[in-house]
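In case you want the letters, here they are:
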Amino acid sequence: MRPRLLLPALALAAALAATAFGPLPPQNPATAPNGNAGMHGDSASSDTTPYAGPGTGAVNWSRTALASACPTVTVGQDGYPVALCTTIFGRTPTVHLLDPANGDDLASLELPKGALFGGVYAYLDQNDALVAVDGNDDLLRIGHHRTGSGWQLTVDQRTPLAAAIPSGDNIVGLSPGWDGKVWFATDHGVIGTADTATGAVRTLATGEGVANSISTVPGHTAVATDHALYLLGQAADGTPVVQWRAPYDRGPGRKPGQLSWGTGATPSFFGPGDGTEYVTLTDNAAPHENLLVYKVDAGPVPVCTTPALTKWAASGTEDAVIASGRSVFVTNTYGYPYPALPDGAPASVPASASYQGGMARIDLNADGTGCATVWESDVKSAALPRLSLGDGLIYTATVSGPTDSVGAQTFATYAHAVIDPATGAKVAGSTFGIGLLYNPLQMTGTTAPDGTLYQGTETGVLRITRK
């Protein structure tokens, strides 16, 4: 379908000429290279990658069956994909090491089970170890090692965090600071830092809920609660310090197609200078959410507040945005049928809605005050898209056919899709298959340096390469 361009033709041409995607956020010294370090690519959560993907030509693909949903696939400097998955039966978090040659499962390691959606947000450190939190609230570094009998995954470092977390609470997100401390946030709104060298843990309680991951750039950590966006720094001993707090419109309730009441997005840093000048978030206003953009050093007043995805009767998202240069890309997950919700999730308002999909590009004005929607597209994304700065394309997976709860699991068709970020048009695609084996559950894909795209699904990982 042709996307709806909302800027006049001349204004659109000027906007495209003036807007260059990028730069990448600064490389965090405590993570694997940008693009492959975590669910959102880098610690700034830009959802960009420096690597070119499979492109617009024909592709080959294969499926690694793991009987698990795999939201986080990382790729280390040694080229080996490391995935954090949750088993379908038992909901046990499990780390998998995959063969970069063919996607085969080389080794796996089960972790102690915690909350249903806890432990989803892990990252790969500078030594290719996966940093994650288990159900015992231990912060782990999990390495992969070749032995005489094959590959093994082992816990190489363990830092207990339980003493700093209230009973019944769970760690939701984590990201490293530039000094090597690990920042974390809990379901009940405790924000903390952990020094894995000394074991010291320092915390700050917000009294608000957190349902998404957190983001770090030099000197700043961004955490979105179910009421506000927090920008934080730290005291000399590592205790989190609030730099500013920006409340947002959380709407009348959890929207259908979201997992919690409040923003469904991880905050993302971006900017045309060094990639950290701005931080952005979607709110939960009804019927249409707003894109909010803040200048990091200017405090809690947004420089941009604009309704997003207004082509549809309602909009909301459970995805982080893509943020790069002066452009932000927002996907519409309103009505998306998740097979399960977190424990304690409130009823949605309204009780149900059909999934319409949709994607929009919104550009920040050149002077940094205000923004405008460039295009809205009917692309029905079933995954969190990723922008490649290597080839200038957006990669995602789309869905067609019946997408109610039963249809999404059994009758819907899922396909690889390539989107032109200049226009929102789909420029290439290839069908994977039908039903839950291929459902990406709004999880993001990761592109390895060799161009191989790994897309987590409800039951494993898809490996997509140029034919």
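Residue numbers run consecutively from 1 along every chain, following the written order of its sequence. Totals for whole chains, interfaces and linings use every residue, but because this is a predicted model, local features are given only for residues with pLDDT of at least 70 and side-chain atom pairs only at 80 or more, for both listing and counting. The basis for every side-chain value is the complete set of non-hydrogen atoms in the structure, without hydrogens or water.

Considering the packing of aromatic side chains
A ring pair, where both rings are aromatic, is described by two values, the distance of the centres and the angle of the planes. Inclusion rule: Only rings of Phe, Tyr and Trp enter the pairing, Trp through its six-membered ring, and a pair is recorded when the two centres are within 6.5 Å. The plane angle decides the type: under 30 degrees is stacked, over 60 is edge-to-face, the rest tilted. In DSSP terms, a helix is any run of H or I states spanning at least four residues, a strand is any run of E spanning at least two, and both are numbered starting from the N terminus. Three labels apply to residues, based on accessible area from a 1.4 Å probe with only protein chains included: buried if under 20% of the type maximum, exposed if over 50%, partly exposed otherwise in between.
All chains considered together, the criterion is met by nine aromatic pairs. Between F329 and W375, the aromatic rings sit 6.0 Å apart at their centres with planes inclined by 45 degrees, giving tilted as the arrangement. Of this pair, F329 sits in strand β25 (residues 327-331) while W375 sits in strand β27 (residues 371-377), placing them 46 residues apart in sequence. As far as the burial class goes, F329 and W375 line up, both buried. The rings of F21, F329 and W375 are connected pair by pair, giving a single aromatic cluster.

Here we look at the pattern of salt bridges
Going by this rule: Criterion for a salt bridge: a side-chain nitrogen of Lys or Arg within 4 Å of a carboxyl oxygen of Asp or Glu.
On inspection of all chains with the given rule, the structure shows 11 salt bridges. A salt bridge links D297 to K295; the nearest nitrogen and oxygen atoms lie 3.3 Å apart. For K295, a relative accessible area of 28% puts it in the partly exposed group. Here the salt bridges do not stand alone but share partners, grouping D134, D138 and R158 into one network.

Here we look at the nonpolar core
Quick note on the threshold: In plain words, nonpolar cores are sets of buried Ala, Val, Leu, Ile, Met, Phe, Trp, Tyr and Cys residues tied together by side-chain atoms within 4.5 Å.
Counting 24 residues, the largest nonpolar core has Y336, V399, Y414 and F432 as the members making the most contacts within it. When residues in this core are grouped by element, the largest group, four residues, is from strand β29 (residues 393-400). Judged by nonpolar contacts, the second largest core, of 18 residues, contains V82, A107, L111 and W151.

A few points about the state of the cysteines
Selection rule: Counting rule for disulfides: a pair of cysteine sulfur atoms within 2.5 Å.
Applying the stated criterion to the full structure yields two disulfides. Each sulfur in the disulfide pair C70 and C85 lies 2.1 Å from the other. The S-S bond linking C70 to C85 shows a torsion near 105 degrees; that makes this disulfide right-handed. Taken together, the positions of C70 in strand β4 (residues 68-75) and C85 in strand β5 (residues 81-87) put the pair 15 residues apart, joining distant regions of the chain.

As for the side chain of S175
Quick reminder of the rule: The contact rule is simple, with two residues in contact once any of their heavy atoms fall within 4.5 Å.
Positionally, S175 belongs in strand β12 (residues 171-176). Take S175: its relative accessible area is 4%, and that puts it in the buried class. Leave out the neighbours within four places in its chain, and S175 touches S43, Y123, K181, V182, W183, I214, S215 and T216.

Let's talk about the sheet that holds β4
Strands pair in a sheet through their backbones, by hydrogen bonds, and they do so in one of two ways: parallel or antiparallel. For clarity, the threshold we go by: Any two strands between which DSSP finds at least two bridges are classified as paired. Fitting a line to C-alpha atoms yields each axis, with helices limited to the stretch in contact; the angle taken between N-to-C directions then spans 0 to 180 degrees.
The strand order across the open sheet built from four strands is β4-β5-β6-β7, with neighbouring strands paired in antiparallel fashion. Either end of the sheet is taken by a strand with one partner, and the two such strands are β4 and β7 (105-110). Here the average twist between neighbouring strands, direction ignored, is 25 degrees. Alignment of β4 against β5, held across six bridges, turns out to be antiparallel. Looking across to β5, one finds that V75 is bridged to P81.

Observations concerning the confidence of the model for the protein
Quick note on the threshold: Within a predicted model, pLDDT stands for the predictor's per-residue confidence, ranging from 0 to 100.
Summing up the model confidence of the protein, the mean pLDDT is 93 and the portion of residues at 70 or higher is 95%. Between residues 7-19, whose pLDDT stays under 50, and residues either more than four places distant or in other chains, the model counts 16 contacts.

Overview of the pairing of strand β33 (residues 453-456)
Along a regular strand, successive side chains alternate from one face of the sheet to the other. On β33, burial covers both faces: L453 and Q455 on one face and Y454 and G456 on the other are all buried. One ladder, built from three bridges, connects strand β32 (residues 445-447) with β33; its direction is antiparallel. When the sheet's bridge partners are listed, T446 is paired in β33 with Y454. Between β32 and β33, which follow one another and run antiparallel, lie five residues, and G451 among them has a positive phi close to 95 degrees.

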